[in-house]
Structure formats: C-alpha cells, structure tokens
Amino acid sequence: MDYGHSERPGATPLPTAIKILVAGGFGAGKTTLVGAVSETRPLRTEEVLTESGVGIDDLSGVEAKRTTTVAMDFGRITISDDLVLYLFGTPGQDRFWFVWDELALGAIGAVVLADTRRLPDCFPSIDYFEERGTPFLVAVNCFEGARQYRLDEVQTALNLDPEVPVLLCDARQRESAKEVLITLVEHAMKTRYARRRSQ
Ligand SMILES: Nc1nc2c(ncn2[C@@H]2O[C@H](COP(=O)(O)OP(=O)(O)O)[C@@H](O)[C@H]2O)c(=O)[nH]1
Ligand SMILES: [Mg+2]
C-alpha cells in the first residue's frame, strides 16, 4: 500500500509549511530580518550598489548601506514540530517589481517592515497586499535615532484598517523577528477564518 509521507503508520507527521513574504521599502530591514531568524544560511542575492543604482536607489537615511538585494532573500524557521515557515523577502526597489507576482503565489500573509524615518516607502507594499486581499501586518523596525512613534500614530499615518496589527520590532533580534512572524500567522489564520464564515 502506498501511504503518503505523513500517513505512514508510526511516521512523524511532516510539518505544515507556510509561505510568508517580507516586504517594505529599501533599507527597512528585510534582509536583516530574514537573516536573523533563518535556520539555514540565508540564500540571498545581494549586489554591491553600483552605477546602475545611482540616482535610482534613494540612499538618504541609509547611507551606510552598500549592498542591495537583487532577487530575493529566502529563509526557513521551525516554529514547532508541526509548523515550518518559509520566508521570502521581496526586493525593495521599484525596478525589481516584476518578480512580485511570482513571489506572492501561495503566500498566506506578509510582514511589511516600516522605518519611521521613511514611512511612505512602505505604501507600495501596503497597497499591493490590500489590493490582493493578502493578510499582512506592519512591523516598525526600531532604528536608533529614529523618532519613536506610538503604534496608533503609525496606524493613522499609514491609513490602515483597524484590524491590521502594528507592532514594534528589532529586525536584528531573532526573538523579536520570530514574534512578528507568529503574530502574522495568527492574524492570517484569524482573517481566513472570518472570511470563510462570512461566505
Ligand atoms: N540600527 C538598526 N539597524 C538595522 C536594523 N535593521 C536593519 N538595520 C541595518 O539597516 C540596513 C538596511 O537593512 P537591510 O536588511 O539590508 O534592508 P532591506 O533593504 O530591507 O533588505 C543594514 O545596514 C542593516 O544592518 C535595526 O533594527 N536597527
Ligand atoms: Mg535586502
């Protein structure tokens, strides 16, 4: 008899794999967050910022940044025996938007990273997920020197629906990033459940 992987008697069930997108403006901390939580060496495609990006990649506020993610960041994190998250960081620059639709396929939700010094940079990501009905949350990455805003101020400034979670994070800290991801999974599940009930 041919059992599926997880149905073999006595076999440990395979964990559910969930795909999550990590979006936000250029320099908001996407590569950092994926790198901080990933158990695998993150697969990233960074390119040293070169002439091709001069005048295109706006570096104000992120002057120390010397590389840019060309295709995507990819990482994996095991949350529990039965849940594994696969993370896909989206490229921040407009000139790489053509990969978005492919990346978004099958994702249950998205983290939109926001840098309060450059808040409008995350508008395109928010518009994109709102249009597609993809559940998302906004994680405010706490950079030193950035003025601290209250979460409700960020919610208002971004004109978010009240049910969209807004939370603070430090993209460099594994636990902080993990909390963001768990909050997103819960939010996505709640959203799906509510939609199913209203159908
Ligand atoms: N101080 C501080 N720096 C950060 C934080 N997150 C990212 N960075 C730095 O900000 C820069 C941009 O982050 P990166 O992850 O490359 O941004 P991306 O363009 O969204 O992938 C890098 O030099 C990071 O080291 C943070 O939470 N605090
Ligand atoms: Mg990046």
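Please refer to the structure higher up on the page.
Cut-off values and rules
Residues numbered from 1 in each chain as written. Chains lettered and ligands numbered in written order. Predicted model: local features only at pLDDT ≥ 70, side-chain atom pairs only at ≥ 80, totals over all residues. Heavy atoms only, no water. Pairing = 2+ DSSP bridges. Helix = DSSP H or I, 4+ residues; strand = E, 2+ residues; numbered from the N terminus. Right-handed = clockwise from strand over helix to strand, strands pointing away. Axes fitted to C-alpha atoms, helices over the stretch in contact; angles between N-to-C directions. Parallel < 35°, antiparallel > 145°, perpendicular 65-115°, else oblique. Contact = heavy atoms within 4.5 Å. Near = heavy atom within 4 Å. Polar contact = N/O pair within 3.5 Å; in protein donor to acceptor, adjacent residues only side chain to side chain.

Bridge count for strand β6 (residues 136–141) against strand β7 (residues 166–169) is four bridges, and the pairing is parallel. Among the inter-strand pairings, Val-140 is bridged to a residue of β7, identified as Leu-168. Handedness of the crossover joining β6 and β7 through helix α4 (residues 151–157) is recorded here as right-handed.

Here helix α1 (residues 30–37) crosses helix α5 (residues 174–198) at 100°, and the two axes come no closer than 8 Å. Overall, the two elements α1 and α5 adopt an arrangement that is roughly perpendicular. Here α1 contributes Leu-33, Ala-36 and Val-37 to the contact with α5, which in turn contributes Arg-174, Ala-177, Lys-178 and Leu-181.

So, about the site of ligand 1. Lining the immediate surroundings of ligand 1 are 16 residues, of which Lys-30, Thr-31, Thr-32, Asn-141 and Glu-144 lie closest. One nitrogen or oxygen atom from the main chain of Ala-28 is found 3.3 Å from an oxygen atom belonging to ligand 1. Here Asp-170 contributes a side-chain N or O atom positioned 3.2 Å from an oxygen atom of ligand 1. In terms of residue count, the dominant contributor to the shell around ligand 1 is α1 (three residues).

On to unusual backbone geometry, then. Phi is positive for Asn-159, which is not a glycine, with a value near 55°. Its place among the elements puts Asn-159 in the loop between α4 and β7.

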